[in-house]
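Residues per chain are reported as follows:
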Amino acid sequence: MAPYVTLATCSLNQWALDFEGNRDRIIESIRQAKAAGSNLRVGPELETTGYSCQDHFLEGDTYLHSWEMLAQIIDHPECQDILLDLGAPVRHRNVRYNCRVIVLNRKVLLIRPKLFLADDGNYREGRWFTPWAKARYVEDYYLERIVGEITGQKTVPFGDAVLSTYDTCVGAETCEELFTPNNPGIHMGLNGVEIFTNSSGSHHELRKLRQRIDLIMHCTRAGGIYMYANQRGMDGDGRLYFDGSCGIFMNGRAIVMGKQFSLNDVEVVTCTVDLEEVRSFRTSISRSLQGSHAPPYQRIEVPISLGAGIHSKTKLTQPLEEVNYHIPSEEISLSAGAFLWDYLRRCGGGSSTGIAGFFLPLSGGLDSCSTALIVFSMCRIVHSAITKENNKQVIKDLRRLVAEPQDSTWLPATPQEISSRLFHTCYIGTTNSSSDTRGRAKQLAGDLGSYHLNIDMDSVVSAITRVFTLATSFTPRFTVHDGTGAENLALQNIQARSRMVLTYMFAQLLPLIRKRPNPGSLLVLGSGNLSEQLRGYYTKYDNSSADINPIGGIDKVDLVAFVRWSRDAFELPILDAFCEATPTAELEPITSSYVQSDEDQMGVTYADLGVMGRMRKIEKRGPWAMYENLLKTSVWADRYTPRQIYEKVRHFFYYYSINRHKQVVLTPALHSENYGCDDNRFDLRPILYPTFSWPFKKMEKHVEKLEKEAEGSHQKDE
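My aim in this report is to walk through the structure given alongside it, one point at a time. All residue numbers here refer to positions counted from 1 along the written sequence of the relevant chain. Since the coordinates come from a predicted model, pLDDT governs what is reported: local features require at least 70, and pairs of side-chain atoms require 80 or more to be given and counted, while whole-chain, interface and lining totals use all residues. Side-chain descriptors were evaluated using all non-hydrogen atoms of the structure, hydrogens and water having been removed beforehand.

## Quick word on unusual backbone geometry
For residues that are not glycine, phi is negative in most cases, and the peptide bond is trans in most cases. Going by this rule: Helical segments are the DSSP runs of H or I of at least four residues, strand segments are the runs of E of at least two, and each set is numbered from the N terminus. Note on exposure labels: buried denotes an accessible area under 20% of the residue type's maximum, exposed denotes more than 50%, and partly exposed covers the range between, all computed with a 1.4 Å probe on protein chains only.
Phi at Asn94 takes a positive value of approximately 65°, unusual for a residue other than glycine. Secondary-structure assignment places Asn94 in the loop between β3 (83–92) and β4 (95–104). The exposure class assigned to Asn94 is exposed, which follows from its relative accessible area of 77%. With a phi close to 60°, Arg106 is a non-glycine residue in the positive phi region. When you line up the elements, Arg106 lands in the loop between β4 and β5 (107–113).

Structure representation (structure tokens):
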């Protein structure tokens, strides 16, 4: 009978180019795996260097230092007597590959390059690496001297092979290979591979985890054990949060899974499974017929038994009854909160005392409220890691960030206490601001515990307009005061941009005002949502300009749901007022007959923006294809006439195109939705667009045709 095997996978919070820190986290994960009785440990993709080195993967130093760290891991006394699957970049014959380095007892057994690279969305692996195109082919790799001196090897196998231990067969996949239709695991499984490892650098998106887990389950539909490892945290990219969720799966079931969101830098999950369950699961005639015809893989002999002996008292791990998934509002809270913590603690090289926290202009509207709630969520996550898990690294980082003395024993009693030391908010009002927004901002800041200021900047705005009047002898007026549209827009933009200037001044000097030792400065947080950024409904270089924007990748509809969820989750009744208030920029004078409204000024609802945004990016539809599809979409067809649909599509693409210049300078934002418009990484488009004249004419003609047909049908009915 087949043995029981104990296996270990992990999520590591690696940091690009933090070679020593990455090494230490790898060794700690190996230590924990061995302590749990595992004979096989798999780690995340490119774990020696960190995943997001980007163009540093073109530098020789990156490969040199990676091998130096690998040498120390291979030679470490606590890294023996366990089969290790390590992620590292490797140069072979002057070609760069994203590789798995398989090691046992100071011997490199196999270097397995990635076959299919990730080049969609946020991924650009093809810029730095080349896929291995020689399926089931192995050649010699001349090992670096620093490693060869430890292993006694001159060459090692390099290529697409599998590993044969005394009791089973192991094959390695890397991240993107899981997502391909004809993934390598299918072919390895038909060749008798029973244990598959997958090492990933997969980032978080709302609602994405279920897709990932479904794919893993599908990969074991014909039987097998799948070990999934993933990066966790913000690894220096500044836009992505890798969401862990390492796990081990067998025969289409989840056996054990790690956390999706956590502040633990190292999380190892282990389980014990029965290999006989895999073998008995694979007894179907069709599977056997396909397996008998499968082209063979070269097998690398591995002198180890992964299984426990016949007299072992090891107990089997029972499968999970179900995989728990967070709802999107929880995902926003936990992912963005953990992202901000990594961003804050790693600023200045991870040891600086010059970054004193965050500064947020708190307007009293829902968007800045959402950003504030995410910071508060961060404080809650940090407080929980300290009080419930006694996380030493979190305690150390927090004391450094709040400038506690090195011998301090301070621990926060509440999340609000953390907020009071790290989070700074300010209501920056004008004569166009209402008492309602001012009051909401003050109450929310009090409930969250932030250090809050309440100021007016009318004198700043007046000074700027006076300079313009002195230079031109012209005094601009708002539309409600009989000014032109150009004047109205200019007066709004002056307010918005003045807020940005004041924001950075306060962010730079508030730590000094609060008498913080070695004052430092604050990171400015933005609060522009994805829907408005896609439409271009914001002022260039206003408060959309910041150091980081936690909500820049989140749809407005999802933000509203997040705030409603936070009302109960965080016990904040004031959030009802934010959800019920009409979204407004408060940049124009309020009169008895006019109150500025965001949706009115945009000419489209947030819900419709989300629909069109997803069609543009995810479904890859231009103006005509979007119009044609919406005509056949029941929700839109029942609500709008063909002409209204045409007008909305035309309106969307018109404002999207003329405002593209704003998107190219957007503040770096956490990537959360799969239809984001981040021009720097995710959504690469022209800056200057023509007028879409041809698709617009085509839509106009089609609408006229439909209207004539409808009119003729109506006359017949009469």
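## Describing the pattern of salt bridges
Going by this rule: Any Lys or Arg side-chain nitrogen located within 4 Å of an Asp or Glu carboxyl oxygen qualifies as a salt bridge.
Under the criterion given, the structure shown has 43 salt bridges. The partner of Arg23 in a salt bridge is Asp24, and the shortest N-O contact between them spans 2.9 Å. Look at Arg23 and you get buried, because its relative accessible area is 15%. With a shortest N-O distance of 3.5 Å, Glu673 and Arg614 are connected by a salt bridge. Here Glu673, found in the loop between α25 (660–663) and α26 (693–717), pairs with Arg614, found in helix α21 (residues 606–617); they are 59 residues apart in sequence, far enough to count as distant. Classification of Arg614 by relative accessible area gives partly exposed; the value is 26%. Connected through salt bridges with shared partners, the residues Arg207, Asp555, Asp558, Arg614 and Glu673 form a single ionic network.

## Observations regarding the packing of helix α1 (residues 19–35) against helix α2 (residues 60–75)
Quick reminder of the rule: To get an axis, a line is fitted to the C-alpha atoms, and for a helix only the part in contact is used. The angle between two axes follows their N-to-C directions and goes from 0 to 180 degrees. Roughly parallel means an angle under 35 degrees; roughly antiparallel means over 145; roughly perpendicular covers 65 to 115; every other angle is labelled oblique. Helix crossings are classified by the rotation of the near helix relative to the far one: an anticlockwise turn of less than a right angle makes the crossing left-handed, while a clockwise turn makes it right-handed. The contact criterion used throughout is that any non-hydrogen atoms of two residues lie within 4.5 Å.
Remark: α1 packs on α2, axes separated minimally by 10 Å, with the N-to-C direction vectors making an angle of 30°. Of the possible angle classes, the one that applies to α1 and α2 is roughly parallel. Remark: the crossing between α1 and α2 carries right-handed chirality. For the pair formed by α1 and α2, the contact residues are Phe19, Glu20, Arg23, Ile26, Ile27 and Ile30 on the first element and Thr62, His65, Ser66, Met69, Gln72 and Ile73 on the second.

## A look at the pairing of strand β18 (residues 423–429)
So the rule is basically this: Paired strands are those between which DSSP finds at least two bridges. The definition of a right-handed crossover adopted here requires that, viewed with the strands pointing away, the path from the first strand over the helix to the second runs clockwise.
Most of β18 is tucked away, with 7 of its 7 residues classed as buried. Alignment of strand β17 (residues 355–361) against β18, held across 4 bridges, turns out to be parallel. Residue pairing in the sheet places Pro361 in a bridge with Cys426 of β18. In this sheet, strand β19 (residues 451–456) lies alongside β18 in parallel orientation, the contact comprising 6 bridges. Bridging from a neighbouring strand, His424 pairs with Tyr451 of β19. Traced from β18 through helix α14 (residues 435–448) to β19, the parallel crossover comes out right-handed.

## Comments concerning a nonpolar patch on the surface
The condition is simple: Patches in this entry comprise residues that are over 30% relatively accessible and not in a salt bridge; like charges within 9 Å are linked, as are nonpolar side chains (Val, Leu, Ile, Met, Phe, Trp, Tyr) within 5 Å. Areas reported here follow the Shrake-Rupley algorithm with a probe of radius 1.4 Å; residue values treat only the protein chains shown as occluding.
On the surface, Met505, Leu509, Leu512 and Ile513 cluster together to form a nonpolar patch covering roughly 390 Å² of accessible area. Within the secondary structure, Ile513 sits in helix α16 (residues 485–513). Classification of Ile513 as exposed rests on a relative accessible area of 54%.

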